[in-house]
Amino acid sequence: RAHLPGAGVFQCSITGLSFEVRSAVTITYRYRTWTRHLSKAAQEMWVPAGPLFRIDVQPGIVRAVHLPHFICLAEDINTSLCSIAHFKSGKMTLERPTRVVAFSAVLENPSFSLLGVLWRRLRSTLNSFPMHSLVLIFQQLSAANTTLHLYLIPDDNSVKQAIERQEMNWNSKLIPKPPPFNPLFFGRVYQVTSTNSVVITPESHLPFCYKSPKEQQLFVEIYIRNMAEEIGLLMTDTRNDTVVWRASLRSGRNSSMVTWAWCLLGAAFMKQHKTELCSRMRQLSTILLHLRDANVINSDEEEEVQGQNTSQRKNRVLLELAEKKGLEAQEQLYQILRMKDPYLITDLEKSS
């Protein structure tokens, strides 16, 4: 329940919902599950693209609602395939959003019921929607030696929070983790491998799909008998063997705990090639979108970069911002550049 004090735009830090309201109001909202409301026939035509919400508020007060979605718009996605689903008295109606922006679909002058973002399936593009995604790692504290659960899910807070509640019941601890470098795709299978000898069960392959928060989410269990050495984990797209995620695992101060680390190649690269990057870095809007998705920068910082009067100045401000934020931010920027402008990175690496 949110008590909004007056006119303005307000965002929930837990769910990602945003409301633009005309005056003070109290809004009550909660998660609901798609599988209980979206019929089998509808599931053949539509893909859930964000959480489903039950929202209750006095009529006429909300000017616009921003419903979160996890479709990556950096890939020139056709946003006309997006619809807002309403469920009333067991029936679904669809409404075109006023506009679709990164991370949310905006509906002006809305009526409220059960609301959520759907994306229309097309036979030719059934598995080709790029998704923002999360890798969640939990260590089971009561298990023998080091036992981890690794999840690969769309960036849906309702699913993430359901997994966290379940793992806490299993006496597990969430380990900080990097997100994938690249957008992932529903219907594809991603393989988890290690640079050292570990046991991955039931198998190392994870299909990337949407499962309701009420359903058991897919995960792989990683069993590590000896954490004396650093262990690297990789995730690759089995369709083209592209690495989409990597990180390393080390023993913590307490022998029963582990710590997560980046392969921090990016910071050194950024420092060495800062001058060339200022003059040659392109696709800035796409780079900023990915940095927002990875929570490296916020909207104010994005506006600060875009507000500079030349492309070279924009690039310099972004590089300096990443430098101030530390090694992990620079690594994220490096990985995004490798994905979006591999020829530039290759050329600069050859020159050094």
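Predicted model only: the values in this text are computed from it and were never measured.

Chemist: For this particular structure, what's the right way to read the sheet that holds strand β3 (residues 18–21)?
Modeler: Spatial ordering of the open sheet is given by β2-β3-β6-β10-β9, a layout of five strands whose pairing is antiparallel. What marks the edges here is a single partner per strand, and that holds for β2 (8–11) and β9 (99–101). Taking each pair of neighbouring strands and ignoring which way they run, the sheet shows an average axis angle of 20 degrees. Sheet topology places strand β6 (residues 62–68) next to strand β10 (residues 104–108); five bridges connect them, and they run antiparallel. Each bridged residue has a counterpart across the sheet, and for Pro 68 the counterpart in β10 is Ser 104.

Chemist: Help me out: how do you make sense of the pattern of salt bridges in this one?
Modeler: Pairing between side chains of opposite charge can happen when the charged atoms of each approach one another. Across all of its chains, the model carries 12 salt bridges by this definition. For Lys 274, the salt bridge goes to Glu 320, with nearest N and O atoms at 4.0 Å. Of this pair, Lys 274 sits in helix α5 (residues 274–280) while Glu 320 sits in helix α8 (residues 311–325), and the two are 46 residues apart along the sequence. Using a relative accessible area of 22% as the deciding quantity, one classes Lys 274 as partly exposed. A salt bridge links Lys 274 to Glu 323, with the nearest nitrogen and oxygen atoms 3.5 Å apart. With a gap of 49 residues between them, Lys 274 in helix α5 and Glu 323 in helix α8 connect regions that are remote in the sequence.

Chemist: What exactly am I supposed to notice about a positive patch on the surface here?
Modeler: A surface patch of like charges, here positive, comprises Arg 32, Arg 36, Arg 165 and Lys 214. Relative to the helices and strands, Lys 214 is located in the loop between β19 (205–207) and β20 (219–224).

Chemist: Can you help me understand the nonpolar core in this one?
Modeler: Proteins that are soluble and globular tend to have nonpolar side chains buried together. Grouped together as the largest cluster of nonpolar side chains are 76 residues, with contacts concentrated most on Phe 19, Ile 27, Ile 55, Trp 119, Leu 150 and Ile 222. Top contributing element to this core by residue count: strand β5 (residues 46–56), with six residues. Taken domain by domain, the makeup of this core includes at least three residues from each of domain 1 (2–120) and domain 2 (130–250). When sequence neighbours within four positions are dropped, the list of residues in contact with Ile 222 reads Thr 146, Thr 147, Leu 148, Leu 150, Val 192, Val 198, Val 199, Ile 200 and Leu 233. By size, the runner-up hydrophobic cluster in this structure holds 26 residues, among which are Phe 269, Leu 277, Cys 278 and Leu 291.

Chemist: Would you explain the domain arrangement of the protein in this entry?
Modeler: Partitioning the protein into structural domains gives domain 1 (2–120), domain 2 (130–250) and domain 3 (255–351). Using only C-alpha atoms to locate each centre, domain 2 and domain 3 end up separated by 25 Å.

Chemist: Just checking my understanding: could you explain the pairing of strand β14 (residues 146–154) for this structure?
Modeler: Remark: a regular strand shows side chains that alternate across the two faces of the sheet. Here β14 lies mainly inside the structure; nine of its nine residues are buried. In this structure, β14 lies alongside β20, joined through six bridges in antiparallel fashion. When the bridges of β20 are listed, Leu 150 appears paired with Val 220.

Conventions we followed
Residues numbered from 1 in each chain as written. Predicted model: local features only at pLDDT ≥ 70, side-chain atom pairs only at ≥ 80, totals over all residues. Heavy atoms only, no water. Pairing = 2+ DSSP bridges. Helix = DSSP H or I, 4+ residues; strand = E, 2+ residues; numbered from the N terminus. Axes fitted to C-alpha atoms, helices over the stretch in contact; angles between N-to-C directions. Salt bridge = Lys/Arg side-chain N within 4 Å of Asp/Glu carboxyl O. Buried < 20%, exposed > 50% of the residue type's maximum accessible area, 1.4 Å probe, protein only. Patch = residues over 30% accessible without salt bridge, like charges linked within 9 Å, V, L, I, M, F, W, Y side chains within 5 Å. Areas by Shrake-Rupley, 256 points an atom, 1.4 Å probe, with all protein chains shown as cover. Lys, Arg positive; Asp, Glu negative; His and termini not counted. Charge placed at Lys NZ, Arg CZ, Asp CG, Glu CD. Core = buried A, V, L, I, M, F, W, Y, C linked by side-chain atoms within 4.5 Å. Domains from an automatic or database assignment. Contact = heavy atoms within 4.5 Å.

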